[in-house]
Amino acid sequence: DVKVTQSSRYLVKRTGEKVFLECVQDMDHENMFWYRQDPGLGLRLIYFSYDVKMKEKGDIPEGYSVSREKKERFSLILESASTNQTSMYLCASSGSGGSASYEQYFGPGTRLTVT
Amino acid sequence: AQSVTQLGSHVSVSEGALVLLRCNYSSSVPPYLFWYVQYPNQGLQLLLKYTSAATLVKGINGFEAEFKKSETSFHLTKPSAHMSDAAEYFCAVMGLGGGSYIPTFGRGTSLIVHP
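Small disclaimer: the values here were computed from a predicted structure and weren't measured.

1. Examining the overall build of chain A
Step number 1: Helix and strand content of chain A: zero helices and eleven strands.
Step number 2: Along chain A, helices and strands appear, N-terminal first, in the series β-β-β-β-β-β-β-β-β-β-β.
Step number 3: Expressed as lengths along the three principal axes of its C-alpha atoms, the size of chain A is roughly 45 × 30 × 25 Å.
Step number 4: Out of the 115 residues in chain A, the part that is buried amounts to 50%.
Step number 5: Considering only contacts in chain A between residues 6 or more positions apart, those separated by 24 or more positions represent 55%.
Step number 6: Of the charged side chains in chain A, 15 are positive and 15 negative, and the gap between their average positions amounts to 7 Å.

2. A short note on the interface of chain B and chain A
Step number 1: Residue-level contacts link 20 residues of chain B with 21 residues of chain A.
Step number 2: Of the roughly 1800 Å² buried between chain B and chain A, counting both surfaces, carbon and sulfur atoms make up 58%.
Step number 3: On inspection of chain B and its partner chain A, the count reaches one salt bridge.
Step number 4: Salt-bridge contacts for Glu103 of chain A lead to Lys49 of chain B; the nearest nitrogen and oxygen are separated by 2.3 Å.

3. Brief notes about the sheet that holds strand 1 (residues 4-6) of chain A
Residues and elements named next belong to chain A.
Step number 1: Ordered by their spatial adjacency, four strands build an open sheet running 1-3-8-7, and the pairing between neighbours is antiparallel. Bordering the open sheet on either side are strand 1 and strand 7 (64-70), each of which pairs with just one other strand. Between one strand axis and the next, the sheet turns through 20° on average, direction left out of account.

4. A closer look at the pairing of strand 1 (residues 3-7) of chain B
Residues and elements named next belong to chain B.
Step number 1: The alternating pattern of strand 1 places Val4 and Gln6 on a buried face and Ser3, Thr5 and Leu7 on a face that is not buried.
Step number 2: Bridging between strand 1 and strand 3 (residues 19-26) involves five bridges; their strand directions are antiparallel. By the bridge assignment for strand 3, Ser3 is matched with Ser26.

Cut-off values and rules
- Residues numbered from 1 in each chain as written.
- Chains lettered and ligands numbered in written order.
- Predicted model: local features only at pLDDT ≥ 70, side-chain atom pairs only at ≥ 80, totals over all residues.
- Heavy atoms only, no water.
- Helix = DSSP H or I, 4+ residues; strand = E, 2+ residues; numbered from the N terminus.
- Buried < 20%, exposed > 50% of the residue type's maximum accessible area, 1.4 Å probe, protein only.
- Contact = heavy atoms within 4.5 Å.
- Lys, Arg positive; Asp, Glu negative; His and termini not counted.
- Charge placed at Lys NZ, Arg CZ, Asp CG, Glu CD.
- Buried area = accessible area lost by both parts, 1.4 Å probe.
- Salt bridge = Lys/Arg side-chain N within 4 Å of Asp/Glu carboxyl O.
- Pairing = 2+ DSSP bridges.
- Axes fitted to C-alpha atoms, helices over the stretch in contact; angles between N-to-C directions.

The following block contains the structure:
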């Protein structure tokens, strides 16, 4: 079974802190994604990566950055956390090449509260 | 740009009744289409996917969806609802954008099942 793990289920940070959210997948997937999930807004793509050291902006990249130094690990960084970044953050991975591989496998999510 | 519209943020059915969750998409090329389910405090998991093979797709837990190109729809159905089906359901499209496959999710539909 594909496993996508996220470093924390719940996180509370103060405004202005630098926050790191870590995601690790164990299926050698090329593609990794970070989303935020807010009630009534569904999932919104923050950043994604199709390869090591490669990143692409999603729909809402402002206030976030990412790092992918190893294939299995994709980190989301909040440079200076703000209260409007309080949300559920979901990481996902998928393979590439062939139609069966575009399905995404999700981690359990990190609920971040910024006070 | 691609988009996904899920009609109805909440759908309420009685146990044993038909479940119908609506999804319409826009995409400039034939897409890959997915339905995901999210149970409380969990990440998303794949219910079913359309990848240009059969237009009627069967998924897990008795769910199925029909791809209708002329209507740009991919509605999710289940003949008889069970209490355990209560969850959030997301429709997603993976379409080409800028040479890469980009995921777009709908805002989600919360399925409520009454005894």
